[in-house]
Amino acid sequence: MRGSARFLDTRPLRSSRPFRDLWIGSSASQLGGQIATVAVLAQVWELTGSPVSTGAIGLATGLPLVLFGLLGGTLADAVDRRAVVRATTAGQLLAAAGLCAQALADNQNVLLLFVLVATGAACGALGAPSRRTFPVRLLPGDQVAAGLALTNVSFQAAMLAGPALAGMIITHWGFPAAYAAQVLAAAVSALAVIRLPAMRPESTDAAERRRPQRGGWRVVLRRPTLWGSMATDLSATLLAMPIALFPLVNEIRFDGDPQTLGLFLSAVAVGGITVGLLSGTVTRWRCGGRVQLIAAGVWGLALAGFGLAGPLWLALGCLAVAGAADTVSVVTRSALVQLETPDAYRGRVSSVEHVIGVAGPELGNFRGGLLASATSAPFALVVGGLSATLAIGAVAATNASLRAYRTPAPTALAAPEPTEPGDAGAATAAG
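This structure is a prediction, so every number in the text was calculated from the model and none was measured.

### Details of helix 16 (residues 312–340)
Thought 1: Between its first and last C-alpha, helix 16 extends 42 Å over 29 residues, near the 42 Å set by a 1.5 Å rise per residue.
Thought 2: In terms of burial, helix 16 is a largely internal element, 23 of the 29 residues being buried.

See below:
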């Protein structure tokens, strides 16, 4: 492989103006979202001082993601996906404005904060399945993984800059300024979505239109590569998500400095963006299932290490390793799911992926907060990380199709996609 091919593959940004618009809007939204995440975390901690309450942020986010994410998948396979994303992006903008308004009003009611967080999450969940189908429709097949890697790099860059920026904004200007930054970012995202072309789903048969939810689950359950990949991600996030424990760890080990709290999230991004900048290698690896399993296992072990780490440099180092592993896992899983799913079902399958990939971490945060309140934050981190690694090992041991999965060669992507979900479970797996 040529040396330049090892680095970030930017062909999607050069070859597709719609994808470039999507990427710019998503990047702005992700930056604003990271700033708001730290602001909400810090505001809830200031109002309550309770790890259960910070964990409940995950519950306020996770429940709407489950309820509205599946509905979003149905919409994505029934109407123009661009229209769905336009409407839900506008909803997210209004929710961000609500967060800014409550901060300006010096709100002391944590329940109001949770309602606004849940509203934004619900809008995001409705639009996420449609948004996830865009790269595979806007890019040639051999650039899909590269496009997903670019999206992940922008997310990691937002995680790197957003929390540190949030810490600085909150320290100097308070919560209203942090939420105002999210409003501005959401407005940029909305403008970017307006420029996208119409993207109606390919038609499916009448029987599946009468049972839209069932169709997506049937695709996932009948393809071992799909359910194995999603089970791997769920094991990693539900059992080992650490973010709700960051304020407590910061309080007991690093004097509760809000800038240190931001550094925790930024450390995860350092690892992620470092791997992302070298993703030209990752996106060309064809043994995606095996790569995801290994990366998810490393994530669990790194977070267990974070729970044991004493010095700040060691804690940040463990989080950086976790971030690097997470990036590899996300990129390989996302490409596998989109490439293994027929277009007529991509919205519904993407909704399942979205629920697992986003609600899993939020519910994992709630689980971590509960366990930490009953024991301690270090104990919750260590037990969670080791449990996740064991669960991932169980998936690897029982799912031969995922272990053997190989990404289709570019020429194979031109073949007609099946219209029924009941074909072979791993059509592109290598035995």
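### Some words on the confidence of the model for the protein chain
Thought 1: Chain-level statistics for the protein chain give a pLDDT mean of 81 and a share of 87% at 70 or above.
Thought 2: Here helix 9 (residues 206–210) stands out as the element of the protein chain with the lowest mean pLDDT, 46, in contrast to helix 4 (residues 81–104), whose mean of 94 is the highest.
Thought 3: Counting interchain partners and residues more than four positions distant, the pLDDT-below-50 stretch residues 206–213 has 12 contacts.
Thought 4: Here residues 411–431 scores under 50 on pLDDT; set against residues more than four positions off or in separate chains, the count is 43 contacts.

### Re the environment of alanine 177
Thought 1: You can see alanine 177 is positioned in helix 8 (residues 175–194).
Thought 2: Taking relative accessible area as the criterion, alanine 177 reaches 26% and is therefore assigned partly exposed.
Thought 3: Put simply, alanine 177 and alanine 39 are 138 residues apart on the chain and 9.7 Å apart in space, counted from C-alpha to C-alpha.

### Quick word on the packing of aromatic side chains
Thought 1: The full count for this structure, using the stated rule, is four aromatic pairs.
Thought 2: Ring centres of phenylalanine 264 and phenylalanine 306 lie 5.6 Å apart, and the angle between their planes is 80°; on these two criteria the pair is classed as edge-to-face. Residue phenylalanine 264 is found in helix 13 (residues 258–277), and its partner phenylalanine 306 is found in helix 15 (residues 288–308); the two are separated by 42 residues along the sequence. Judged on exposure class, the residue phenylalanine 264 and its partner phenylalanine 306 are both buried.
Thought 3: Chaining the aromatic ring pairs together yields one cluster made of Phe246, Phe254, Phe264 and Phe306.

### Here we look at the pattern of salt bridges
Thought 1: Under the criterion given, the structure shown has five salt bridges.
Thought 2: Connected through salt bridges with shared partners, the residues Arg17, Asp21 and Arg195 form a single ionic network.

### Observations concerning the packing of helix 15 against helix 18 (residues 377–398)
Axis angle and axis distance: for two packed helices, these are the angle between their axes and the distance between the axes, and together they describe the pair.
Thought 1: For the pair helix 15 and helix 18, interaxial distance at closest approach is 7 Å and the crossing angle is 165°. One way to sum up the angle between helix 15 and helix 18 is to call them roughly antiparallel. The two elements helix 15 and helix 18 cross, and the hand of that crossing is left-handed. On helix 18, the residues touching Leu293, Ala296, Gly297, Gly300, Leu301, Leu303, Ala304, Phe306, Gly307 and Leu308 of helix 15 are Pro378, Leu381, Val382, Gly385, Leu386, Thr389, Ile392, Val395 and Ala396.
Thought 2: Across the contact of helix 15 with helix 18, the residue classes break down as 14 nonpolar, five polar and no charged.

### A look at a nonpolar patch on the surface
Thought 1: Residues Leu67, Phe68, Leu71, Leu75 and Val79 make up a contiguous nonpolar surface patch of about 400 Å² in total accessible area.
Thought 2: Tracing the backbone through its elements, the reader meets valine 79 in the loop between helix 3 (51–76) and helix 4.

### A word on the nonpolar core
Thought 1: Membership of the largest hydrophobic core comes to 83 residues, with the highest contact counts inside it found for Tyr179, Phe246, Phe264, Trp299, Phe306 and Leu319.
Thought 2: The element best represented in this core is helix 16, accounting for 10 residues.
Thought 3: In contact with tyrosine 179, other than residues within four places in its own chain, are Ala36, Ala39, Val40, Gln43, Ala96, Leu99, Cys100, Gln102, Ala103 and Leu113.
Thought 4: Grouped together as the second largest cluster of nonpolar side chains are 11 residues, Phe19, Leu139, Leu150 and Val193 included.

Cut-offs used in this document
- Position numbers for residues start from 1 in each chain and track the written sequence from start to end.
- Given that this is a predicted model, residues contribute local features only at a pLDDT of at least 70 and side-chain atom pairs are listed and counted only at 80 or more, while totals for whole chains, interfaces and linings are drawn from all residues.
- Side-chain figures throughout are based on the complete set of non-hydrogen atoms in the structure, without hydrogens or water.
- Here a strand is any run of E in DSSP of at least two residues, a helix any run of H or I of at least four, and the numbering for each starts at the N terminus.
- In this analysis, the expected span of each helix is defined as 1.5 Å times one less than the number of residues it contains.
- Between buried and exposed lies partly exposed: a residue is buried under 20% and exposed over 50% of the maximum accessible area for its type, with that area taken using a 1.4 Å probe on protein chains only.
- pLDDT is a residue-level measure of predictor confidence that goes from 0 to 100.
- What makes two residues a contact is simply this: any of their non-hydrogen atoms within 4.5 Å.
- What counts as a ring pair is set by centres within 6.5 Å for rings of Phe, Tyr and Trp (its six-membered ring), and what kind of pair is set by the plane angle: stacked under 30 degrees, edge-to-face over 60, tilted for all other angles.
- Should a side-chain nitrogen of Lys or Arg be within 4 Å of a carboxyl oxygen of Asp or Glu, the pair is scored as a salt bridge.
- Axis lines are fitted through C-alpha atoms, for helices just across the contact stretch, and the angle between N-to-C directions can take any value from 0 to 180 degrees.
- Orientation categories follow fixed angle ranges, with anything under 35 degrees roughly parallel, anything over 145 roughly antiparallel, 65 to 115 roughly perpendicular, and all other angles oblique.
- Each crossing gets its hand from how the near helix is turned against the far one by less than a right angle, where anticlockwise is left-handed and clockwise is right-handed.
- Note on residue categories: nonpolar means Ala, Val, Leu, Ile, Met, Phe, Trp, Tyr, Cys or Pro, charged means Asp, Glu, Lys or Arg, and polar means any other residue, Gly included.
- Each patch is built from residues lacking any salt bridge and having more than 30% relative accessible area; the joining distance is 9 Å for like charges and 5 Å for nonpolar side chains (Val, Leu, Ile, Met, Phe, Trp, Tyr).
- Accessibility throughout is a Shrake-Rupley quantity obtained with a 1.4 Å probe, and a residue counts as covered only by protein chains that appear here.
- To form a nonpolar core, buried Ala, Val, Leu, Ile, Met, Phe, Trp, Tyr and Cys residues must be joined to one another through side-chain atoms within 4.5 Å.

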